[in-house]
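Structural features, examined
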Amino acid sequence: MKVPPSLPLLSANKVDAGYGHVRVLEKVSIDVRQGRIVVLVGRNGAGKSTLLRALSGLNRPTSGTITFDRRDITGARPNAIVGAGLLHVAEGRRLFRRQSVTDNIELGRYGLRLTEQEHDRRVNRIHELFPILQEKRDLPAGSLSGGQQQMLAIAQAMMREPKLLMLDEPSLGLAPVLVDQVLAAILSLRAQGVAILLVEQMVERALEIADDAYVMQNGRVIAGGLAADIAAGDALQAAFMGEHGTPDHSGPRWSVS
Amino acid sequence: MDFDVITHGIVAGSLYALVAVSFNILFRPTNVFNFAQGELVMLGAMIFASLTSLAGLPWLVAFAATLVAVGIIGLIEERIAVAPILARSQTGTGWVITTLATSLIISNLVGRFWGPDPILVKPPAPLSMDALEIGSARISSYEIALVLITLILVAVVERAYRTLRGKAVMAVAEDREAALLRGIDPGSLGRWSFFLGAAFAAMTGVLAAPILYASTSLGPDLLLKGFAAAAVGSIGNNRGALVAGYVIGVTEAIGASLLSPGYQEAVIFVVVLAILLLKPEGLFGSPNARTV
């Protein structure tokens, strides 16, 4: 069943999370709507990756709620969250480096029961988008270049046809031409109706392709809105130039209309 | 030194290889080395001996019942002795103590069920333990079958790792968190691996019984030599375990014939230590297999 357009696909509500006793996120609230690209920007250590980890169930939120596709997934186990259609491509890709490209793609559908036609359709779609993966199908994933690894990580997620794909620093360490390819792949996924939650250091490039954006600082969301407005606004400056964005900036929850 | 030494070494080495494979099955998705594995082999031999020699069940029925029973014991061990420790910390090493404790508990409890006398277990017909003269070697039809079955079992286990579920196990072994993000449940794979690893250990016990006799003191010896085979063959590598099993079995046999049987364990461990000093990752592992 599709989430009606008025309801966000993913909604984090006042989420606190961290590592052990260290609290990183404080009352973080964000929404991701169907078929939109949402970018999270902020300096290193602002809590962007921790937020993705909390959303995918790797770090259990200590308070707050997360709903995805109308279901409460707060504190759910990672494999249940993956099963619900929320996929997380972690920072550094985290591929199975010793297994072949094909095996990595196949592991993307682990636990799914696909008909042979459906399976082949998905594999073909991946090969259309990333022909290089077909060429290198028998090589170990660890032998691929950074850009190819990023493509493989996205391909792995595509096997599951997620509703929402979270990408953590997909451009990290990539040559500019590969960054273009990865961003193009993200746009093509959106064209197929997949929502994207993107954490990206290349802020300008990310804001160019994004629909919505949130700015994070010190574990809080200090601004949110249309990507174009965020690109022009002060919060971005504050977050990157080191001015103290006061927590009050987060104010009432901002939502995309 | 006659050729017999080599054949005996290969036969004993096959058993060590099987114990090593059972270690590996369990180790891959959990990173846990089950020190109770030797006792699980012993339980396999003893339960099977009781069901056939004493209760008179047909070979196949007893075989299946033994595997399931010991598999369940392995599963119980995982639930009680291993899962709680891994839940606290994935990199915790408390399982060294808890699996060793499981081993001690099993070896102490079996004395209540079985006496100290070894039980003779006959191989299934038409195989027998009667020695055949083949050239200068004396080997029984059962021993030949055991060597062949070991080869087949290693091939079957390796084949299982090429299925999607097997690849998921390898994925968990490489990066547990990354596996979680692909919808793989390492907990469930860990439980299955304990069940299957324990059942495999029991099968090793059943296969060993006609040669070694079923006895409650079977465990520690097979634990040590199986561990040695797993380490020399590189932990997690089943083909390596097979070759290492042969190396250890033959070394042991040669040591016993050249020196005296009393020194055979000393000879094994000198060789094992020498190999591991030169190649700490074992004969078949790459030194940097665990890159982060």
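Residues numbered from 1 in each chain as written. Chains lettered and ligands numbered in written order. Predicted model: local features only at pLDDT ≥ 70, side-chain atom pairs only at ≥ 80, totals over all residues.

1. Some words on the overall build of chain B
Each helix and strand counted, chain B has eleven helices and two strands in total. Taken from the N to the C terminus, the helices and strands of chain B come in the order α-α-α-α-β-β-α-α-α-α-α-α-α. Since a compact globule built from 292 residues should have a radius of gyration of about 19 Å, the 19 Å found for chain B is in line with a globular shape. Overall, the C-alpha framework of chain B stretches about 60 × 45 × 35 Å when taken along its three principal axes. Relative to its 292 residues, chain B shows a buried fraction of 48%. For chain B, restricting intrachain contacts to residue pairs at least 6 apart in sequence, the fraction spanning at least 24 positions comes to 73%. (Helix = DSSP H or I, 4+ residues; strand = E, 2+ residues; numbered from the N terminus. Rg over C-alpha atoms; globule rule 2.2 N^0.38 Å. Buried ≥ 20, exposed ≤ 12 C-beta atoms within 10 Å, placed from the backbone. Contact = placed C-beta atoms within 7 Å.)

2. Quick word on the overall build of chain A
When you go through chain A residue by residue, the secondary structure sums to ten helices and ten strands. Relative to its length of 257 residues, chain A is compact, with a C-alpha radius of gyration of 18 Å against a globular reference of 18 Å. With the C-alpha coordinates of chain A rotated into their principal frame, the extents come out at 55 × 40 × 35 Å. Taking all 257 residues of chain A together, the buried fraction comes to 48%. Put simply, 67% of the contacts in chain A that link residues at least 6 apart link residues at least 24 apart.

3. Some remarks on the pairing of strand E3 (residues 37-41) of chain A
Residues and elements named next belong to chain A. E3 sits mainly inside the fold: five of its five residues count as buried. Both E3 and strand E8 (residues 195-199) contribute to a ladder of four bridges, which runs parallel. Along E8, the bridge assignment pairs Val39 with Leu198. (Pairing = 2+ DSSP bridges.)

4. What about the interface of chain B and chain A?
In this complex, chain B contributes 15 residues to the contact, which on the side of chain A involves 20 residues. For the side of chain B that touches chain A, the element with the highest residue contribution is helix H6 (residues 164-174) of chain B, accounting for six residues. For the side of chain B that touches chain A, a count of residues per class yields eight nonpolar, one polar and six charged. (Nonpolar A, V, L, I, M, F, W, Y, C, P; charged D, E, K, R; others polar.)

5. A short note on the nonpolar core
One finds Val39(A), Leu165(A), Ile196(A), Leu198(A), Ala213(A) and Val215(A) to be the most contacted residues of the largest nonpolar core, which totals 87 residues. Leaving out residues up to four positions away in the same chain, Val39(A) has contacts with Leu198(A), Glu200(A), Ala206(A), Leu207(A), Ala210(A), Ala213(A) and Ala227(A). Among the nonpolar cores identified, the runner-up in size contains 73 residues, and Val11(B), Val154(B), Leu223(B) and Val247(B) belong to it. (Core = buried A, V, L, I, M, F, W, Y, C linked by C-beta atoms within 7 Å.)

6. Some words on the packing of helix H1 (residues 3-30) of chain B against helix H10 (residues 238-258) of chain B
Residue and element names in this part refer to chain B. Two elements in contact, H1 and H10, have axes separated by 6 Å at closest approach and are oriented at 140 degrees. What the angle tells us is that H1 and H10 run oblique. In this structure, H1 crosses over H10, and the sense of that crossing is right-handed. Classifying every residue of the contact of H1 with H10 by side-chain character gives 16 nonpolar, nine polar and one charged. (Axes fitted to C-alpha atoms, helices over the stretch in contact; angles between N-to-C directions. Parallel < 35°, antiparallel > 145°, perpendicular 65-115°, else oblique. Left-handed = near helix turned anticlockwise from the far one by under 90°.)

7. Topic: the pairing of strand E7 (residues 164-168) of chain A
Residue and element names in this part refer to chain A. Where burial is concerned, most of E7 is hidden: five out of the five residues are buried. Relative to E7, strand E6 (residues 86-89) is paired through four bridges, and the arrangement is parallel. By the bridge assignment for E7, Val89 is matched with Leu167. Both E7 and E8 contribute to a ladder of five bridges, which runs parallel. The partner of Met166 across the bridge, within E8, is Leu197. Tracing the backbone out of E7, into helix H7 (residues 176-191) and back to the parallel element E8 gives a crossover that is right-handed. (Right-handed = clockwise from strand over helix to strand, strands pointing away.)

8. Here's the deal with the sheet that holds strand E5 (residues 71-72) of chain A
With antiparallel pairing, four strands are arranged side by side in an open sheet as E2-E1-E4-E5 (chain A). Bordering the open sheet on either side are strand E2 (22-32) and E5 of chain A, each of which pairs with just one other strand.

9. What to know about the environment of Asp16(A)
Residues and elements named next belong to chain A. Note that Asp16 resides in strand E1 (residues 10-19). For Asp16, a count of 16 C-beta atoms within 10 Å translates into the label partly exposed. Asp16 sits 44 residues away from Arg60 along the chain, and the two C-alpha atoms are 9.0 Å apart.

10. Observations regarding the sheet that holds E3(A)
Residue and element names in this part refer to chain A. Spatial ordering of the open sheet is given by E6-E7-E8-E3-E9-E10, a layout of six strands whose pairing is mixed. Two strands in the sheet have a free side with no partner beyond their single neighbour: E6 and strand E10 (220-226). Geometrically, the sheet is characterised by an average inter-axis angle of 15 degrees between neighbouring strands, direction not taken into account. Along the sheet, helix H1 (residues 48-55) contacts E3, E6, E7, E8 and strand E9 (212-217); its crossing angle with E7, the most-contacted strand, is approximately 145 degrees.

11. Points about helix H10 (residues 234-241) of chain A
Residue and element names in this part refer to chain A. Within H10, burial applies to Ala235, Leu236 and Ala239. Each buried residue of H10 lies within a common arc of 100 degrees when the element is viewed along its axis, so the set occupies one face. For H10, exposure combined with an orientation more than 90 degrees from the buried face picks out Gln237 and Met241. Buried residues in H10 make contact with E3, E9, E10 and helix H9 (227-232). (Arc of directions from axis to C-beta.)

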